[in-house]
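Here is what each chain is made of, one letter per residue.
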Amino acid sequence: MHDVAVVHFASIGLLPAMAGAANKRPSLLLELAVEEGFRPYDLLYRLVYHPDGAMWALFGSMIVPNVAEPTAQQKQQLLDRLMSWHSIADGGFVGARDRSVRQIEMEKDLLDQTRVEARKLKSKYGNDGTAFALALARWAYANPDFEWAATPAPRSYWRGKGAGIGAKLAYPVAAIVLWFLLLGIVWALPRAYNWFFGAPGQVGKAITTECLFTMSWHGLLALAIIVFLVWLFLVPLPAQFVSWRRWLNSVQQELDRPTETLSSLATYVGGWMIGVPLLLAIAACAVAYTFAPLAYALAPDYMREVIDPKLPKLTGLQIMGIAVVAIIAVLCIGALFYRLNRYFTGLSSKFFHPLQEDVPRAQQIHPSVERCEAELVDGTQHMFSLTELRGPQWWSAWCIRVALRIVTFAGRVFFTQGWLGNAPGIHFGHWHIIDNGRRFLFCSNYDGNFGGYLDDFINGAAVGTTLAWRWTELHPRAPALEGQPGIANARSFPPTRFVVFRGVKCELKFKSYARDSMLPHLYHFDACNRTVDQINLATGLRDALFGERNEHNDDLIMRAIET
């Protein structure tokens, strides 16, 4: 792996056979976390043809048994077989994004040598941070070993200067402009057809001219109104009204509450009776408003004679008045409940009191998993998690893939500084749907300990974690080998509400579920053995030493050498 020089982490493990499978043998798993943009074929080619023969020792018996020295043809057969077996992650997150293995090692050396030099200069410059940082920058510039650092550290588009709000908004704006440009072309086509061959049919003319333009404008307006309403309810109103902010926080807490209470049950029922119908009604209005021009184009007489008389004729002022009255009514209801809670404290205490604990037992840790964590206690931790997809499996697989696309997109575009939501310390996390959509494999390399790692997800990335795992369950399975964990009793993922709530917030049950799903690794490779914070610190020092001299860079240099 060191020779290949593009692999950040590698782990080998055994996946137990599926329950009910005819072949009870385990599967051999090689997990590779590699640099971005590196093709699987190129990586596997380097590994298979490496002279030490490690890949043949692992997988060669599946091609030709009992052959210690494979021929070139047999190596090619192994390469072709591995390509047919390899699985690209269905979703993933990279913490120290766009950092190569070699870059991490070189920046680590820069940081270490800078700290050594700083100790030598400390007595000369004392507390004069600006002169101290300038002296270190001059030393780094004069050192021929650091000529490579004069080039700014590479940045992906979203982590670099392109990661601003303007750039993120430019993509949807560009998509809208291109759509209307396409509509302009479509609008011109029937006229060109008419110029060459005569007028097109009535339906074709109606759909390809004003109808498409009107539908697009209606769709944009409906989307803008929905976005405005969401912004209004989540940003200005909570900022202006304390009761509204408390009500929103209370709703989220009740939906996420890990134990069943009368208050959480009432919130859940109220969501189904009020929230869901209201959202469906808004969505139905938006869809109807968007496609109304198409209906008028295809059936104008029916729309004018049957539908129009049934629609209320409201002016814009009347619509705004109804919206204001609705907001005032909601605020009054929230204020009423707030006062009731203050005056009837006994009833309020009973209302919020847990009815039952939602944790059937404490989490159990298999000794083989504990040994793996103990081996890596001073380095980057690693985990394999294997679960089954809930039936119907095709539906669960589709939902998980959609959720993973969202998580991957958010990690690439928004969470570009080593944090997934508010969860720090993740190097590589990736999810695979394997065995023809029947099982779900999660691999992760992270800093710290497992308990703190799950706490970060529970408190900082609960929505994404719930989305990724809510369609899974644990079936009874035999261990892959004697001394490895199996599952005696079936388990389900903690119950969720409205897809994204609760779930991982059932802390003990979620940790127990995650522990039961874990498998030990037989081997683990870490190319750099650095935390995400250390990697980011070294990159920041490089940019500060060789960047322009200012207070920000001087302060970063001082913090880097003193950390």
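Reading guide: rules and limits
- Residues numbered from 1 in each chain as written.
- Predicted model: local features only at pLDDT ≥ 70, side-chain atom pairs only at ≥ 80, totals over all residues.
- Heavy atoms only, no water.
- Core = buried A, V, L, I, M, F, W, Y, C linked by side-chain atoms within 4.5 Å.
- Buried < 20%, exposed > 50% of the residue type's maximum accessible area, 1.4 Å probe, protein only.
- Helix = DSSP H or I, 4+ residues; strand = E, 2+ residues; numbered from the N terminus.
- Contact = heavy atoms within 4.5 Å.
- pLDDT = per-residue confidence, 0-100.
- Pairing = 2+ DSSP bridges.
- Axes fitted to C-alpha atoms, helices over the stretch in contact; angles between N-to-C directions.
- Phe/Tyr/Trp six-rings, centres within 6.5 Å; stacked < 30°, edge-to-face > 60°.
- Parallel < 35°, antiparallel > 145°, perpendicular 65-115°, else oblique.
- Nonpolar A, V, L, I, M, F, W, Y, C, P; charged D, E, K, R; others polar.
- Polar contact = N/O pair within 3.5 Å; in protein donor to acceptor, adjacent residues only side chain to side chain.

**Examining the nonpolar core**
Core analysis: the biggest nonpolar cluster contains 37 residues, and Trp431, Phe440, Phe450, Tyr453 and Trp469 have the highest contact counts within it. Among the elements of the structure, β6 (381-389), α15 (393-413), β7 (426-434), β8 (439-446), α16 (450-460), α17 (462-469) and α18 (507-517) are those that each provide at least two residues to this core. Looking at which element gives the most residues to this core, the answer is α15, with 6 residues. When neighbours within four sequence positions are excluded, phenylalanine 440 is seen to be in contact with Ser385, Leu386, Thr387, Leu389, Ile400, Leu404, Trp431, His432, Ile433, Ala468, Trp469 and Thr472.

**Concerning the confidence of the model for the protein chain**
The share of residues in the protein chain with pLDDT of 70 or more is 89%, and the mean pLDDT across the chain is 84. Per-element mean pLDDT across the protein chain ranges from 44 in strand β5 (residues 354-356) up to 95 in strand β1 (residues 7-15). Across residues 354-359 the pLDDT falls below 50, and counting only partners more than four positions away or on other chains, this stretch makes 17 contacts in the model.

**A look at the sheet that holds strand β14 (residues 521-526)**
Strand order in the open sheet made by the 3 strands is β2-β1-β14, with antiparallel pairing throughout. Sheet topology places β2 (27-34) and β14 at the edges, where each strand pairs with a single neighbour. On average, adjacent strands in this sheet sit at an angle of 10° to one another, irrespective of strand direction. Note that β1 and β2 share 8 bridges and pair antiparallel. Within the sheet, the bridge partner assigned to phenylalanine 9 lies in β2 and is alanine 33.

**Let's talk about the packing of aromatic side chains**
What the rule picks out here adds up to 21 aromatic pairs. Ring geometry for phenylalanine 9 versus phenylalanine 428: centroids 6.0 Å apart, planes at 70°, classification edge-to-face. You can see phenylalanine 9 sitting in strand β1 and its partner phenylalanine 428 sitting in strand β7, a full 419 residues away along the chain. Judged by its relative accessible area of 11%, phenylalanine 428 falls in the buried class. Between phenylalanine 409 and phenylalanine 414, the ring centres sit 6.0 Å apart and the planes meet at 75°, which makes this aromatic pair edge-to-face.

**Side note on α18**
A large share of α18 lies buried, amounting to 9 of its 11 residues. For α18, every residue scored as buried is listed here: Lys509, Phe510, Lys511, Ser512, Tyr513, Ala514, Arg515, Asp516 and Ser517.

**Here we look at the packing of helix α5 (residues 129-142) against helix α20 (residues 551-562)**
The contact between α5 and α20 brings their axes to 9 Å, and the two run at 80°. Considering their axes alone, α5 and α20 lie roughly perpendicular with respect to each other. Here Gly129, Thr130, Phe132, Ala133 and Leu136 of α5 lie close against α20, whose contacting residues are Asp554, Ile557, Met558 and Ile561. Considering only residue class, the contact of α5 with α20 consists of 6 nonpolar, 2 polar and 1 charged.

**Notes on the side chain of threonine 539**
By the element assignment, threonine 539 lies in helix α19 (residues 532-546). Among the residues examined, threonine 539 registers a relative accessible area of 2% and is labelled buried. Looking at threonine 539, its side chain comes within polar contact range of the side chain of glutamate 107, at 2.6 Å. Discounting residues that sit within four places of it in the chain, threonine 539 has contacts with Arg99, Gln103, Glu107, Ala153 and Arg155.

**Considerations on the environment of arginine 390**
Checked against the element boundaries, arginine 390 lands in the loop between β6 and α15. Ignoring anything within four residues of it in the chain, the contact list for arginine 390 reads Ser396, Arg470, Trp471, Thr472 and Glu473.

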